[in-house]
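Listed below are the residues making up each chain.
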Amino acid sequence: AAKADGRGRMRSFSASISEQVEKKLVLENALRTAIQNNELYLVYQPQQHLKTGLIEGFEALLRWEHPEFGKVTPSVFIPVAEESGLIREIGLWVIEQACMFSRLLPSGMRVAVNLSPLQLVGHDLIDRLQDILERYDIPADRLEFEVTESMLINSASDMDILTLLKAMGIRIALDDFGTGYSALSYLRQFPFDKLKIDRSFMKEIKTHQDALAVVGAIIDMAKALDMEVVAEGIEDEQTLKLLTLYGCDTVQGYVIARPMPEKDIAVFLENYRLAMQ
Ligand code: C2E
Ligand code: MG
Ligand code: MG
Ligand code: MG
């Protein structure tokens, strides 16, 4: 009986692997036509500067709504886009959309775009980007790129591209700090403008003294290295107060606003301005 059970489990296990592979292929094929079919769009989440209370800018977050599958979450389709190489084309589309969006904002506000490490490989990113900036007449300093620490970015040529981007005037933020391949030595390999503390810490700092201590240390370190520090994923007032107390520069999270479509931005900014008075 034990043997039969074991085989049964084996069978269902391998079935689920092939199901997963098949699901990935189906998603990959659907993603191939997602841009042409207008299934992709961006939503934007504001970042609030704590000392001044002003909105500094927005992070652009990609969304995919497929006519059959419905909404597919970025944590599912971004990896598919990366494995298939589609992320290069999609990533450029995201940059272009974000540039168009930035023209609707007051001139001091920036738009942050997430960059996959794969977009840094090869040299056409810089050319394509310059092309987009010229076409839409956007100064490079309206843009910020968010990158995460990963094996890929560790190569010298990827660092060279980040250096070129920075020289163009684009700000570079280190995203999801404190997780994954997180290594402090990374911070010395590139002069990041901004450090974003991963949201996994934010759930904990109200109740766990050790999490708060780590966040406090990250904030102090960022300041010592002359980087702006952002906390993301803040959902409640109490957490917001703690970050203010610990000297965090900027916050982003549901407590300020959820990511929203472009059409809601003007009303959001107007209401925000009125509430500040
Ligand atoms: P990320 O860059 O770290 O983005 C922050 C994520 O936290 C977003 O998830 C956002 O919706 C979510 N978030 C913001 N505030 C809160 C909060 O208060 N509570 C909670 N629970 N979550 C909050 P989202 O939009 O699902 O994106 C997930 C990840 O997908 C992003 O993480 C980013 O790594 C990736 N991604 C999204 N758009 C793009 C893109 O255009 N290109 C690339 N390469 N990656 C993208
Ligand atoms: Mg990000
Ligand atoms: Mg993040
Ligand atoms: Mg992330």
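Residues numbered from 1 in each chain as written. Chains lettered and ligands numbered in written order. Predicted model: local features only at pLDDT ≥ 70, side-chain atom pairs only at ≥ 80, totals over all residues. Heavy atoms only, no water.

1. Here's the deal with the site of ligand 1
Next up, step 1: Surrounding ligand 1, one finds 21 residues, the nearest of these being Arg63, Asn114, Asp175, Glu235 and Tyr254.
Next up, step 2: Glu59 places a side-chain nitrogen or oxygen 3.0 Å from an oxygen atom of ligand 1.
Next up, step 3: Measuring from an oxygen atom of ligand 1, one finds a backbone N or O atom of Tyr254 at 2.8 Å.
Next up, step 4: For the shell around ligand 1, the elements supplying multiple residues, two or more each, are strand 2 (55–66), helix 2 (74–84) and strand 6 (171–177).
Next up, step 5: Tallying contributions element by element places strand 2 first for the shell around ligand 1, with four residues. (Near = heavy atom within 4 Å. Polar contact = N/O pair within 3.5 Å; in protein donor to acceptor, adjacent residues only side chain to side chain. Helix = DSSP H or I, 4+ residues; strand = E, 2+ residues; numbered from the N terminus.)

2. What about the nonpolar core?
Next up, step 1: In terms of nonpolar packing, the biggest core is built from 85 residues, with Phe58, Ile95, Phe145, Leu165 and Leu243 touching the most fellow members.
Next up, step 2: Setting aside chain neighbours within four positions, we find Phe145 in contact with Ile95, Val113, Leu115, Leu129, Leu165, Ile170, Arg171, Ile172 and Ala173. (Core = buried A, V, L, I, M, F, W, Y, C linked by side-chain atoms within 4.5 Å. Buried < 20%, exposed > 50% of the residue type's maximum accessible area, 1.4 Å probe, protein only. Contact = heavy atoms within 4.5 Å.)

3. Some details on the packing of helix 3 (residues 87–102) against helix 4 (residues 124–136)
Next up, step 1: Packing of helix 3 against helix 4 brings their axes to within 10 Å, and their N-to-C directions diverge by 25 degrees. The orientation of helix 3 relative to helix 4 falls into the category roughly parallel. Here the hand of the crossing between helix 3 and helix 4 comes out right-handed. Side by side, helix 3 and helix 4 meet where Arg88, Leu92, Ile95, Glu96, Cys99 and Met100 of the first sit next to Asp124, Leu125, Arg128, Leu129, Ile132, Leu133, Arg135 and Tyr136 of the second. (Axes fitted to C-alpha atoms, helices over the stretch in contact; angles between N-to-C directions. Parallel < 35°, antiparallel > 145°, perpendicular 65-115°, else oblique. Left-handed = near helix turned anticlockwise from the far one by under 90°.)

4. Examining the coordination of the magnesium ion (ligand 3)
Next up, step 1: Looking at the metal site, the magnesium ion (ligand 3) is ligated by Asp175 (OD), Asp176 (OD) and Glu232 (OE), spaced 1.9 to 2.3 Å from it.
Next up, step 2: Counting along the primary sequence, the residues that act as donors to the magnesium ion (ligand 3) give the motif D-D-x55-E.
Next up, step 3: Separating the magnesium ion (ligand 3) from the magnesium ion (ligand 2) is a gap of 4.1 Å, bridged by Asp175, which donates to each.
Next up, step 4: Note on Asp176: relative accessible area 26%, which makes it partly exposed. (Donors = N, O, S within 2.8 Å, 3.2 Å for Na, K, Ca; no water.)

5. Digging into the environment of Leu86
Next up, step 1: In this fold, Leu86 is placed in the loop between helix 2 and helix 3.
Next up, step 2: Accessibility expressed as a relative area gives 8% for Leu86, which makes it buried.
Next up, step 3: Along the backbone, Leu86 and Arg32 are 54 residues apart, and their C-alpha atoms lie at a distance of 7.1 Å.
Next up, step 4: Beyond its immediate chain neighbours, meaning those up to four positions away, Leu86 contacts Glu28, Leu31, Arg32 and Ala81.

6. Remarks on helix 4
Next up, step 1: Taking 1.5 Å of rise per residue, the 13 residues of helix 4 would be expected to cover 18 Å, and the 18 Å separating its terminal C-alpha atoms lies within 8% of that figure.
Next up, step 2: The set of residues buried in helix 4 consists of Leu125, Ile126, Leu129, Ile132, Leu133 and Tyr136. Viewed end-on, helix 4 has its buried residues packed into an arc of 130 degrees, placing them on one side of the element. Facing away from the buried side of helix 4 by more than 90 degrees, the exposed set consists of Asp127 and Glu134.
Next up, step 3: Where helix 4 is buried, its residues contact helix 3, strand 5 (143–148) and helix 5 (156–168). (Expected span 1.5 Å × (residues − 1). Arc of directions from axis to C-beta.)

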